[in-house]
Amino acid sequence: MASIRNTRRTSPTTRRTRGIDGSRRSGIALHAVLVVGVLLSAFPFYWAVIMSTHTTSEIFSYPPKLLPGTHFLENLRSLFDTVDFFGSMLNSLLVAGSVTFLVLFFDSLAAFVFAKFDFPGKRLLFVLLMFIFMVPAQLQAIPQFVIMAKLGWIGSMTALIVPAAANAFGIFWMRQYMRGAIHDELLDASRIDGANFLRQYWHVALPVVRPGLAFLGIFTFMGQWNDYAWPLIALTDPDNVTLQVALSQLNGTHGTTDYGMVMTGALLALVPLLIVFAVGARQIIGDLAKGAIK
């Protein structure tokens, strides 16, 4: 009987200990899975760094080389001699930065109207927006080229910036985000204070939806930075191209491609994307943390 009583007395503690041990095991397993996922995600970047330091023959050697080589400066010199790398990077920065700014402004403004205001034809316009959202970008290339040619914009950066200044995905994304993030009470209070539409948009809506804007900015910048097909069509001057088109010129013919030089260019092209992603992700995390504290 005494042993049974002791067992009964210690059983709650034993259960709590087992619960703590089980949570620790599940936490360790979760962290292990996350570490493996991070390593798998980071390996392509590491492999790009490794290949940029070797020659083409060393890249295709067996077994593959997993340590850095000594030809990075040589590949870098060949890259700068072959294409105007910094000039094309400046063109890409101009296009991606301008498009990102315009998309953030126009898409958030249109989304604010769709999310928080009623007007005649609202549902019909939103349905048309969804149809535009589902149209593949490749189908727009020919009519877009004809329009740009009639406007005389073919060969200039304007042909890349103006057509991409607003898009259906950005409006849809910001509309869904604003519907849940912006409370009607805030807008009612701003109207009582005498705020017009633009003041409501600038002082009430934008501060609340900064995480959504940060995501849309990252998404838009990366899409414009990596765009290849439309710049190849619209920019007829080979000396005035974006970075992705310039890097495609590094591919030789008849198997003569210098893959070390190509990987060096691809590695340098990743640097602005990593910077934008780091800044945008920090903005998202910081705003979410502020909201959690409030």
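Residues numbered from 1 in each chain as written. Predicted model: local features only at pLDDT ≥ 70, side-chain atom pairs only at ≥ 80, totals over all residues. Heavy atoms only, no water.

This next bit is on the overall build of the protein. Secondary structure summary: the protein contains 14 helices and zero strands in total. Written out in order from the N terminus, the α and β elements of the protein read α-α-α-α-α-α-α-α-α-α-α-α-α-α. Sequence-distant contacts in the protein: of pairs separated by 6 or more residues, those separated by 24 or more amount to 74%. Element-wise, carbon and sulfur atoms account for 68% of the exposed surface of the protein, whose accessible area totals about 18,500 Å². (Helix = DSSP H or I, 4+ residues; strand = E, 2+ residues; numbered from the N terminus. Contact = heavy atoms within 4.5 Å. Areas by Shrake-Rupley, 256 points an atom, 1.4 Å probe, with all protein chains shown as cover.)

On to the nonpolar core, then. Grouped together as the largest cluster of nonpolar side chains are 29 residues, with contacts concentrated most on Phe-112, Leu-160, Met-174, Met-178, Ile-182 and Val-209. Secondary-structure elements contributing two or more residues to this core are α4 (85-116), α7 (158-161), α8 (168-181), α10 (197-208), α11 (210-226) and α12 (229-234). With seven residues, α4 is the largest single contributor of residues to this core. Those residues in contact with Ile-182 that lie beyond four places of it in its chain are Phe-112, Lys-116, Leu-187, Ala-205, Val-208 and Val-209. Ranked by size, the runner-up nonpolar core spans 14 residues in total, among them Met-89, Ala-96, Leu-243 and Met-261. (Core = buried A, V, L, I, M, F, W, Y, C linked by side-chain atoms within 4.5 Å. Buried < 20%, exposed > 50% of the residue type's maximum accessible area, 1.4 Å probe, protein only.)

To continue, consider the packing of α4 against α11. Where α4 meets α11, the axes come as close as 9 Å, and the angle between the chain directions of the two elements is 145 degrees. In this structure, the crossing between α4 and α11 has a hand that is right-handed. Between α4 and α11, the contacting residues are Met-89, Ser-92, Leu-93, Val-95, Ala-96, Gly-97, Val-99, Thr-100, Val-103, Leu-104, Asp-107 and Ser-108 on the first element and Leu-213, Leu-216, Gly-217, Thr-220, Phe-221, Gln-224 and Trp-225 on the second. (Axes fitted to C-alpha atoms, helices over the stretch in contact; angles between N-to-C directions. Left-handed = near helix turned anticlockwise from the far one by under 90°.)

The full count for this structure, using the stated rule, is 22 aromatic pairs. Here the aromatic residues Phe-114, Phe-119, Phe-126, Phe-133, Phe-169, Phe-172, Trp-173, Tyr-177, Phe-215 and Phe-219 are joined through ring pairs into a cluster of three or more. Sitting above the plane of the Phe-126 ring, Arg-175 keeps its charged end 4.1 Å from the centroid. (Phe/Tyr/Trp six-rings, centres within 6.5 Å; stacked < 30°, edge-to-face > 60°. Lys NZ or Arg CZ within 6 Å of the ring centre and 35° of its normal.)

Here the structure, examined in full by the defined rule, presents three salt bridges. Linking Lys-116 and Asp-184 is a salt bridge whose minimum nitrogen-to-oxygen distance equals 3.2 Å. Separated by 68 residues along the polypeptide, Lys-116 in helix α4 and Asp-184 in helix α9 (residues 184-192) bring together distant segments of the chain. Note on Lys-116: relative accessible area 16%, which makes it buried. Across the salt bridge formed by Lys-122 and Asp-118, the nearest N and O atoms sit 3.4 Å from each other. (Salt bridge = Lys/Arg side-chain N within 4 Å of Asp/Glu carboxyl O.)

In this section: the environment of Leu-129. With respect to the helices and strands, the residue Leu-129 is situated in helix α5 (residues 122-134). C-alpha of Leu-129 to C-alpha of Asn-167: the two residues are 38 residues apart in sequence and 9.1 Å apart in space. Setting aside its immediate chain neighbours within four residues, Leu-129 contacts Ala-168, Ile-171 and Phe-172.

Another point: the side chain of Thr-100. Its place among the elements puts Thr-100 in helix α4. Among the residues examined, Thr-100 registers a relative accessible area of 11% and is labelled buried. There is a polar contact of 2.6 Å between the side chain of Thr-100 and the backbone oxygen of Ala-96. Setting aside residues up to four positions removed in sequence, Thr-100 forms contacts with Gly-217, Thr-220 and Phe-221. (Polar contact = N/O pair within 3.5 Å; in protein donor to acceptor, adjacent residues only side chain to side chain.)

With respect to the element layout, Lys-122 can be found in helix α5. Residue class for Lys-122 comes out buried when judged on its relative accessible area of 19%. Dropping the residues within four chain positions of it, Lys-122 is found in contact with Phe-114 and Phe-117. From its side chain, Lys-122 meets the backbone oxygen of Phe-114 in a polar contact 2.9 Å long.

Pro-63 follows Tyr-62 through a cis peptide bond whose omega is 0 degrees. Within the fold, Pro-63 resides in the loop between α2 (56-59) and α3 (72-82).

Let us now look at α3. Looking only at α3, the buried set comprises Asn-75, Leu-76 and Leu-79. Here the buried residues of α3 occupy an arc of 100 degrees about the axis, which is enough to place them on one side. Turned more than 90 degrees away from the buried face of α3 sit Leu-73, Arg-77 and Asp-81, all of them exposed. (Arc of directions from axis to C-beta.)

Across the protein, pLDDT averages 85, with 88% of residues at or above 70. Taken element by element, the protein is modelled with least confidence in helix α1 (residues 2-51), mean pLDDT 73, and with most confidence in α4, mean pLDDT 94. Here residues 1-5 is a poorly scored stretch, pLDDT under 50, and it has zero contacts once near neighbours within four places are set aside; other chains count. (pLDDT = per-residue confidence, 0-100.)

Across the interface, α4 lies against α10 with an axial gap of 11 Å and an inter-helix angle of 105 degrees. With respect to their mutual orientation, α4 and α10 come out roughly perpendicular. Residue-level inspection shows Leu-104, Phe-105, Ser-108, Leu-109, Phe-112 and Val-113 of α4 in contact with α10, the latter providing Phe-197, Gln-200, Tyr-201, Ala-205 and Leu-206. Here the residues of the contact of α4 with α10 sort into nine nonpolar, two polar and no charged. (Parallel < 35°, antiparallel > 145°, perpendicular 65-115°, else oblique. Nonpolar A, V, L, I, M, F, W, Y, C, P; charged D, E, K, R; others polar.)

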